[in-house]
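Residues per chain, in single letters:
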Amino acid sequence: MSFARKLKEKLKAGEKTTGCWLFSNSPDMAEIIASTGFDALMIDHEHGSGSLEMAIHQYRAVRTVSDAPVLMRVPWNDTVLIKRALDTGMDGIMVPSVSTAEEAEAVVAACRYPPHGIRSAGVGAARAGTYGRYARAYLENMNQDMMIICQIETKEGVENIERIAAVDGIDMLFIGPNDLSGSIKKLGQFDDPEVKALLAEARDRIKASPAYLGCISKGVQQTNELFAEGYDFLLCAGDTNLVATAAKDLLSNLKK
């Protein structure tokens with residue numbers, strides 16, 4: 001069974017699942033974080049500083065200590081960026097700011113080979129197909145083995161949730177609170193009634209759809225609260241923030 005399929009089975013069974021961002025572009029950090037027991041790791045190439053070469057090293061580092069799927073958030077809904085990410089051997093991708101069913105269809109098409117998509121078939125050269133050694137197995141199993149996540153980050157995206165979730169191949173819709181609030185010109189104003197209502201609408205419409213519900217969270221309290229609200233998957237930490245917080249807590253509690 002593939003790594004992503006294990007996550008899908010946990011979600012299908014109703015388990016609450018956790019993930020951690022990998023922002024640091026560090027294989028050492030990826031290995032340390034993976035050893036703690038998160039259900040998935042998310043390499044960030046939208047805002048993180050990573051390269052594809054280093055992402056492969058991060059993936060290999062995770063595999064030394066964990067069977068958790070390694071996912072990548074690509075910079076944008078772009079066929080070439082998605083192809084390049086998947087060819088590295090990632091277990092799935094997350095695509096930012098998907099606002100229509102047509103955009104979701106483009107995501108799936110970029111992930112799948114013909115006749116079901118438009119992904120260029122370099123399986124013999126790509127790490128994803130083990131450089132050709134197990135290319136046939138990869139081709140036969142990739143659709144069910146791959147996790148495809150679309151981010152809902154605009155008011156238009158919220159309005160189209162049912163149509164986006166209905167696109168074959170989309171596993172999860174993941175709310176991006178910051179950009180969603182920014183899309184109504186209230187960036188980060190999470191106490192604003194309009195922002196609260198929009199986030200709640202997105203949550204409820206995704207919960208009622210076939211897609212799993214994902215989001216970011218911060219800290220134990222908020223993570224538990226969002227799980228209680230019905231979220232299935234939460235990116236509840238990031239490698240860089242965990243280090244910064246631990247260092248700050250240590251220094252603030254020293255008796256000098």
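Basis of the calculations
Residues numbered from 1 in each chain as written. Predicted model: local features only at pLDDT ≥ 70, side-chain atom pairs only at ≥ 80, totals over all residues. Heavy atoms only, no water. Helix = DSSP H or I, 4+ residues; strand = E, 2+ residues; numbered from the N terminus. Buried < 20%, exposed > 50% of the residue type's maximum accessible area, 1.4 Å probe, protein only. Lys, Arg positive; Asp, Glu negative; His and termini not counted. Salt bridge = Lys/Arg side-chain N within 4 Å of Asp/Glu carboxyl O. Polar contact = N/O pair within 3.5 Å; in protein donor to acceptor, adjacent residues only side chain to side chain. Contact = heavy atoms within 4.5 Å. Disulfide = S-S within 2.5 Å. Pairing = 2+ DSSP bridges. Axes fitted to C-alpha atoms, helices over the stretch in contact; angles between N-to-C directions. Patch = residues over 30% accessible without salt bridge, like charges linked within 9 Å, V, L, I, M, F, W, Y side chains within 5 Å. Areas by Shrake-Rupley, 256 points an atom, 1.4 Å probe, with all protein chains shown as cover. Parallel < 35°, antiparallel > 145°, perpendicular 65-115°, else oblique. Left-handed = near helix turned anticlockwise from the far one by under 90°. Core = buried A, V, L, I, M, F, W, Y, C linked by side-chain atoms within 4.5 Å.

1. Some points on the side chain of Asp232
Argument step 1. Topologically, Asp232 is positioned in the loop between α11 (219–229) and β8 (233–238).
Argument step 2. As a buried residue without a salt bridge, Asp232 has its nearest oppositely charged side chain in Lys16, at a separation of 4.3 Å.
Argument step 3. At 2.8 Å, the side chain of Asp232 forms a polar contact with the backbone nitrogen of Leu213.
Argument step 4. Apart from the residues lying within four places of it in its own chain, the contact partners of Asp232 are Leu11, Glu15, Lys16, Thr17, Tyr212, Leu213 and Phe227.

2. Considering the state of the cysteines
Argument step 1. Evaluation of the coordinates by the stated rule reveals zero disulfides.
Argument step 2. With no disulfide of its own, Cys215 lies 12 Å from the sulfur of Cys236, the closest cysteine sulfur.
Argument step 3. When its relative accessible area of 5% is taken as the criterion, Cys215 is described as buried.

3. With respect to the pattern of salt bridges
Argument step 1. The final tally for this structure, using the stated rule, is 16 salt bridges.
Argument step 2. One salt bridge connects Asp87 with Arg119, and the closest N-O pair in it is separated by 2.8 Å. Highlighted residues: Asp87 in helix α4 (residues 79–87) and Arg119 in the loop between α5 (101–111) and α6 (135–145), separated in sequence by 32 residues.
Argument step 3. Accessibility expressed as a relative area gives 2% for Arg119, which makes it buried.
Argument step 4. Taken together, the salt bridges that share partners define one network made up of Asp44, Glu46 and Arg73.

4. Thoughts on the sheet that holds strand β7 (residues 212–216)
Argument step 1. If you trace the eight strands once around the closed barrel, you get β1-β2-β3-β4-β5-β6-β7-β8, paired in parallel fashion. Put simply, the sheet's adjacent strands are angled 25° from each other on average, direction ignored.

5. Digging into a nonpolar patch on the surface
Argument step 1. The grouping of Leu250, Leu251 and Leu254 at the surface amounts to a nonpolar patch, some 300 Å² of accessible area in total.
Argument step 2. Inspection of the secondary structure assignment puts Leu251 in helix α12 (residues 239–252).

6. Structural notes on the packing of helix α2 (residues 27–34) against helix α3 (residues 52–63)
Argument step 1. For the pair α2 and α3, the least separation of the axes is 8 Å and the interaxial angle reads 30°. Considering their axes alone, α2 and α3 lie roughly parallel with respect to each other. The way α2 lies across α3 gives a crossing that is right-handed. Within the contact between the two elements, α2 uses Pro27, Ala30, Glu31 and Ala34 and α3 uses Met54, His57, Gln58, Ala61 and Val62.

7. Considerations on the nonpolar core
Argument step 1. The biggest cluster of nonpolar side chains holds 63 residues, and the ones touching the most others in it are Ile93, Leu173 and Ile175.
Argument step 2. Examining the composition of this core, we find that six residues originate from one element, α5, more than from any other.
Argument step 3. Leave out the neighbours within four places in its chain, and Ile93 touches Met72, Val74, Ile82, Ala85, Leu86, Val107, Cys111, Met147, Ile148 and Ile149.

None of this, on its own, says anything about what the molecule does.
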